[in-house]
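Descriptive analysis of the structure
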Amino acid sequence: MALELYWGSGSPFAWRVMLMLELKGLAYQSTLLEFSKGDHKAARFLKLNPRGKVPVLKDDDFVLNESLAIMAYLDKKYAEPPMFGTSPQEAGLIWRAMMETEAYLLNFGDKVIRPVFFGKGLDETEKIQEAAEAVRQELKRIDRELSGSTWLVGKQISAADISLFPLVQTVLRAAGKDAAKPLKLELLPLADSFPNVSTWVKRIEALPGYERTYPPHWR
Ligand SMILES: N[C@@H](CCC(=O)N[C@@H](CS)C(=O)NCC(=O)O)C(=O)O
């Protein structure tokens, strides 16, 4: 039975899993849920994930939600290429990078992305700008880490890169929206303020299979 991925266009969490599947060269059945139609709250999907959130991976009768958990599952089941490091030190550094992404960039980024994409709280300019400043600090730190190195940890792409990349892309997409212009988020152009992050983004965009992971409604 094929792997089956339930995902939504533009979900950074689903994007992580799609990148993982592509990098491991795994074929999978794709089930795109339409948020606007409430597919993710339909009884059939709630049976797979009672939280009604994507991504969900189904592998025969094994069902798993939470993007990082799915990435770990796929890496354990399909070992090549290794995405969670090849030494205890690399594994530790990869997990640290992933947890920092969850704790900081995701947290601050969400406070910028949501008002811009959905309009709610868009008038709370000060709050959004504070969050944007925190995002800039995180990107600066990541930019320093990427100076002189191709990937975040070790010599090959890892779960650290894959879990961060879709969030960076989502923040940048929000920053480029008309609704974001009056907010002066100072995140774009990326290459000016965060040149190493910009090169790293381009490197991931050039990976084989990347195009298949790109959110269809962003085209
Ligand atoms: N921590 C979860 C987050 C999943 C998540 O928030 N997914 C969003 C899409 S970006 C979703 O399905 N939201 C629908 C909803 O909450 O109603 C993960 O890493 O998989």
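Since this is a predicted model, take the numbers as computed values, not measurements. (Residues numbered from 1 in each chain as written. Predicted model: local features only at pLDDT ≥ 70, side-chain atom pairs only at ≥ 80, totals over all residues. Heavy atoms only, no water.)

This paragraph deals with the domain arrangement of the protein chain. We note that the domain assignment places domain 1 (3-77) and domain 2 (88-212) within the protein chain. Distance between the C-alpha centres of domain 1 and domain 2: 22 Å. On the side of domain 2, 18 residues touch domain 1, which itself brings 11 residues to the contact. Across the domain 1/domain 2 interface, buried area totals approximately 1,400 Å², and carbon plus sulfur atoms make up 76% of it. Across the domain 1-domain 2 interface, the total number found is two salt bridges. For R16, the salt bridge goes to E102, with nearest N and O atoms at 2.6 Å. In this structure, the connection of domain 1 to domain 2 is made through three residue pairs in polar contact (both at pLDDT 80 or more). (Domains from an automatic or database assignment. Contact = heavy atoms within 4.5 Å. Buried area = accessible area lost by both parts, 1.4 Å probe. Salt bridge = Lys/Arg side-chain N within 4 Å of Asp/Glu carboxyl O. Polar contact = N/O pair within 3.5 Å; in protein donor to acceptor, adjacent residues only side chain to side chain.)

Among the secondary structure elements, K58 is positioned in strand β3 (residues 56-59). Separated by 25 residues in the primary sequence, K58 and L33 place their C-alpha atoms 14 Å from one another. In this structure, K58 is in contact with A2, L3, E4, Y6, L48 and V63, ignoring residues within four places of it in sequence. Side-chain polar atoms of K58 contact the backbone oxygen of D60, separated by 3.0 Å. (Helix = DSSP H or I, 4+ residues; strand = E, 2+ residues; numbered from the N terminus.)

Attention shifts here to the pairing of β3. With four bridges connecting them, strand β1 (residues 3-7) and β3 associate as antiparallel partners. Directly across from E4, in β3, lies its bridge partner K58. Bridging between β3 and strand β4 (residues 62-65) involves four bridges; their strand directions are antiparallel. The partner of K58 across the bridge, within β4, is V63. Linking two consecutive strands that pair antiparallel, namely β3 and β4, is a turn of two residues; a positive phi of about 55 degrees is found at D60 within it. (Pairing = 2+ DSSP bridges.)

Glancing now at the environment of V63. Following the sequence through the fold, V63 ends up in strand β4. Residue V63 is classed as partly exposed on the basis of its relative accessible area, which comes to 28%. V63 sits 51 residues away from R114 along the chain, and the two C-alpha atoms are 28 Å apart. Setting aside residues no more than four positions away along its own chain, V63 makes contact with L48, V56, L57 and K58. (Buried < 20%, exposed > 50% of the residue type's maximum accessible area, 1.4 Å probe, protein only.)

Overall, mixed pairing links the four strands, which are arranged β2-β1-β3-β4 in an open sheet. Edge positions in the open sheet fall to β2 (28-32) and β4, since each of these has one partner strand only. With strand direction ignored, the average angle separating the axes of adjacent strands in the sheet is 20 degrees. Here helix α3 (residues 67-77) sits on the sheet and contacts β1, β3 and β4; the angle it forms with β4, its principal contact strand, is near 135 degrees. (Axes fitted to C-alpha atoms, helices over the stretch in contact; angles between N-to-C directions.)

Our focus in this paragraph is the site of the ligand. Lining the immediate environment of the ligand, one finds S11, P12, F13, F35, H40, K41, G52, K53, V54, P55, E66 and S67. K53 places a polar side-chain atom, nitrogen or oxygen, 2.7 Å from an oxygen atom of the ligand. In this structure, a nitrogen atom belonging to the ligand sits 2.8 Å away from a side-chain N or O atom of E66. Contact with the protein chains hides 75% of the accessible area of the ligand, taken as 520 Å² for the molecule alone. For the shell around the ligand, the class distribution of residues is five nonpolar, four polar and three charged. (Near = heavy atom within 4 Å. Areas by Shrake-Rupley, 256 points an atom, 1.4 Å probe, with all protein chains shown as cover. Nonpolar A, V, L, I, M, F, W, Y, C, P; charged D, E, K, R; others polar.)

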